[in-house]
Structure formats: structure tokens, C-alpha cells
Amino acid sequence: MQKKRQEITSTLYHFYQNPIAKVSIELFLSIGLVVFLGVFAIQPTLVTMSDLAKEIEEKQELEGDLTRKIASLATAQTEYLTLEERLGVLDEAIPQTPKLIHSIKIIERAASDNGVVLSNISLDEVPSETSPDEQLAFSQLAHQQATLRIGVAGDYPSIRDFVEAIMNSRRTFVVDSVSFSVEENRGSRQLKASVRVNIPYYGRSNAR
């Protein structure tokens, strides 16, 4: 038994002294080292590189979005500068306050220019006027309107021209309805009209 062990030991010793055996062992150790590095060293590096590549891609997408937004802002600024001179006309057409006195003066001028007589002007509800010194943000504004009822007298062409003059005014007037009636006055007949006009404006969003 002892002799057999000695023979096995001698055989293994001579085998490992063989250059081929030494190379095989070194190759095995090299493969083991590569596997070890792949599992415990290279894999985390690859994961990190993958995360970095994903982060770079996300940042490139974000940069693209920012570039498009900057281009949109530049376009909006260019359009604003182009239309800036016309903003005054827009504010005159639909102001941020009812400007009732100004509106009534326009109506009186249209009546005088077209030869009709104003008999009365009434309001369904008196809107509140914003102070000229009070600047409201766009988010605080809401589209509103005041309603005027205008009584006029005259012949039909004059009344028609009066209504058209109101509708063509730079200040926006929306003629909602026109109703006619004929009255007897000392033996003569007189044509009268009741004109319902809406005056749009932008006021406080919480206004009632």
C-alpha cells in the first residue's frame, strides 16, 4: 500500500515537472483569473459604463428639448416685436376695463354723425372699473362684457347707418339685437329703435 502511494506520488511529481503540465496549470490559472476579473471587477465597470451611456443619451434628449424651447422663445419674441406697435390698437378694441364713458361718447358721436336722436342709454348691470394704476397679470383677467340698451329715433336708413357705424368702430361693439317700433307724435309717425349692444372687455377673473 505504502509502495503504491509512493509510485503515485512519484508519477505526479514527474508529470508536474513536465513543461506541458506547467503550461496547463498556468493556462488554468489564467482562465480562472479572467473569470474572476469578469465577475468581480469588469462587470461593475461595464454596468457603470452602461449607466453613463444612458445618462449621456438622456442629457442629449434634454439638450434637444431645451434647444427647441429656446428656438420657440426666439420666434415668439420676434413675432412680439413685429406686432408690438399694434398692441395699442388691440387694447383700444378690447380694453382691460369697460371704459363706459369712452364707449358712450363713441355712441353719441355715431348718433350725431348719422342724424338719429338718442332718447336713452341704460345698463343691465354697472361693471366695476379697474384703477388705471392697477396692473393686472394675464392670469387675473377674464373675458367679460357690459350690456347697453340704446334708444334712438330717426328714419330707417339713418338708424341702419348708426348701427353699422357702431359695429365698424375701432372699439369693439357687438350688436345683439335691434327692435323697431312706430309711435304717433302730434299727428306724425316716428320710427324708434331699441338697440342691445354688448361691450366686451377683460376684467378681473373673480368679478361678478
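Parameters at a glance
- Residues numbered from 1 in each chain as written.
- Predicted model: local features only at pLDDT ≥ 70, side-chain atom pairs only at ≥ 80, totals over all residues.
- Heavy atoms only, no water.
- Helix = DSSP H or I, 4+ residues; strand = E, 2+ residues; numbered from the N terminus.
- Buried < 20%, exposed > 50% of the residue type's maximum accessible area, 1.4 Å probe, protein only.
- Contact = heavy atoms within 4.5 Å.
- Phe/Tyr/Trp six-rings, centres within 6.5 Å; stacked < 30°, edge-to-face > 60°.
- Core = buried A, V, L, I, M, F, W, Y, C linked by side-chain atoms within 4.5 Å.
- pLDDT = per-residue confidence, 0-100.
- Salt bridge = Lys/Arg side-chain N within 4 Å of Asp/Glu carboxyl O.
- Polar contact = N/O pair within 3.5 Å; in protein donor to acceptor, adjacent residues only side chain to side chain.
- Patch = residues over 30% accessible without salt bridge, like charges linked within 9 Å, V, L, I, M, F, W, Y side chains within 5 Å.
- Areas by Shrake-Rupley, 256 points an atom, 1.4 Å probe, with all protein chains shown as cover.
- Expected span 1.5 Å × (residues − 1).
- Arc of directions from axis to C-beta.

Colleague: Could you clarify how one ought to interpret the overall build of the chain in this entry?
Modeller: If you tally the helices and strands in the chain, you get five helices and four strands. In sequence order, the secondary structure elements of the chain are arranged as α-α-α-α-β-β-α-β-β. The buried share of the chain, taken over its 208 residues, is 19%. By sequence separation, contacts in the chain at least 24 residues apart represent 74% of the contacts at least 6 residues apart.

Colleague: So what exactly am I meant to see when it comes to the packing of aromatic side chains here?
Modeller: Within a pair of aromatic rings, the relevant descriptors are the distance that separates the centres and the angle that separates the planes. Scanning the model with the defined rule gives one aromatic pair in all. Taking the centre distance of 5.7 Å and the plane angle of 45° together, the rings of Tyr 156 and Phe 180 count as tilted. Taken together, the positions of Tyr 156 in helix α5 (residues 156-167) and Phe 180 in strand β3 (residues 174-185) put the pair 24 residues apart, joining distant regions of the chain. With a relative accessible area of 44%, Tyr 156 lands in the partly exposed category. For Phe 180, a relative accessible area of 41% puts it in the partly exposed group.

Colleague: Help me understand the nonpolar core in this model?
Modeller: Side chains that are nonpolar tend, in soluble globular proteins, to be buried together. Formed by 19 residues in total, the largest nonpolar core has its most connected members in Ile 107, Val 116, Ile 150, Val 152, Phe 162, Ile 166 and Phe 173. Ranked by residue count, the leading element in this core is strand β4 (residues 188-204), at five residues.

Colleague: Whenever I open this one, the confidence of the model for the chain confuses me. Can you help?
Modeller: For the chain, the average pLDDT comes to 76, and 62% of its residues sit at 70 or higher. Averaged over each element, pLDDT in the chain is lowest for helix α1 (residues 2-16) (56) and highest for α5 (94).

Colleague: Looking at this structure, how should I read the environment of Val 152?
Modeller: Tracing the sequence through the fold places Val 152 in strand β2 (residues 141-153). As a C-alpha pair, Val 152 and Ser 119 span 33 residues in sequence and 5.4 Å in three-dimensional space. Once residues lying within four places of it in the same chain are set aside, the contact partners of Val 152 are Val 116, Val 117, Leu 118, Ser 119, Ile 159, Phe 162, Leu 191, Lys 192 and Ala 193.

Colleague: What should I look at first to understand the environment of Arg 109 in this one?
Modeller: Of note, Arg 109 is situated in helix α4 (residues 100-113). For Arg 109, a relative accessible area of 56% puts it in the exposed group. Residues Arg 109 and Ile 166, 57 residues apart in the sequence, show an inter-C-alpha distance of 9.6 Å.

Colleague: Can you walk me through the pattern of salt bridges in this structure?
Modeller: Once the charged atoms of two side chains with opposite charge are near each other, the side chains can pair. A full pass over the atoms with the stated rule returns seven salt bridges. Among the ionic pairs, Lys 192 bridges to Glu 183, the shortest N-O distance being 3.0 Å. For Glu 184, the salt bridge goes to Arg 189, with nearest N and O atoms at 3.5 Å. Exposure remark for Arg 189: the relative accessible area of 64% places this residue in the exposed category.

Colleague: Where do I start with the side chain of Ser 158 in this structure?
Modeller: Here Ser 158 shows up in helix α5. Side chain to side chain, Ser 158 and Asp 155 meet in a polar contact 2.5 Å long. With residues near it in sequence (within four places) discarded, Ser 158 still touches Asn 114, Gly 115 and Val 116.

Colleague: Please explain a nonpolar patch on the surface as it appears in this structure.
Modeller: Taken together, the side chains of Leu 62, Leu 66 and Ile 70 make up a nonpolar region of the molecular surface, amounting to roughly 300 Å² of accessible area. For Leu 66, the location among the structural elements is in helix α2 (residues 19-83). We classify Leu 66 as partly exposed; its relative accessible area is 46%.

Colleague: Got a minute to help me understand α4 in this structure?
Modeller: In an α-helix there are 3.6 residues to a turn, and that puts residues three or four apart on one side. In a regular helix each residue adds 1.5 Å, so 14 residues correspond to 20 Å; α4 covers 20 Å between its end C-alpha atoms and thus fits that length. Those residues of α4 lying buried are Leu 100, Ser 103, Ile 107, Ala 110 and Ala 111. For α4, the arc enclosing every buried residue in end-on projection is 100°, short of the 170-degree limit, so these residues lie on one face. Structural note: α4 exposes Ile 101, Lys 105, Arg 109, Ser 112 and Asp 113 on the side pointing more than 90 degrees away from its buried face.

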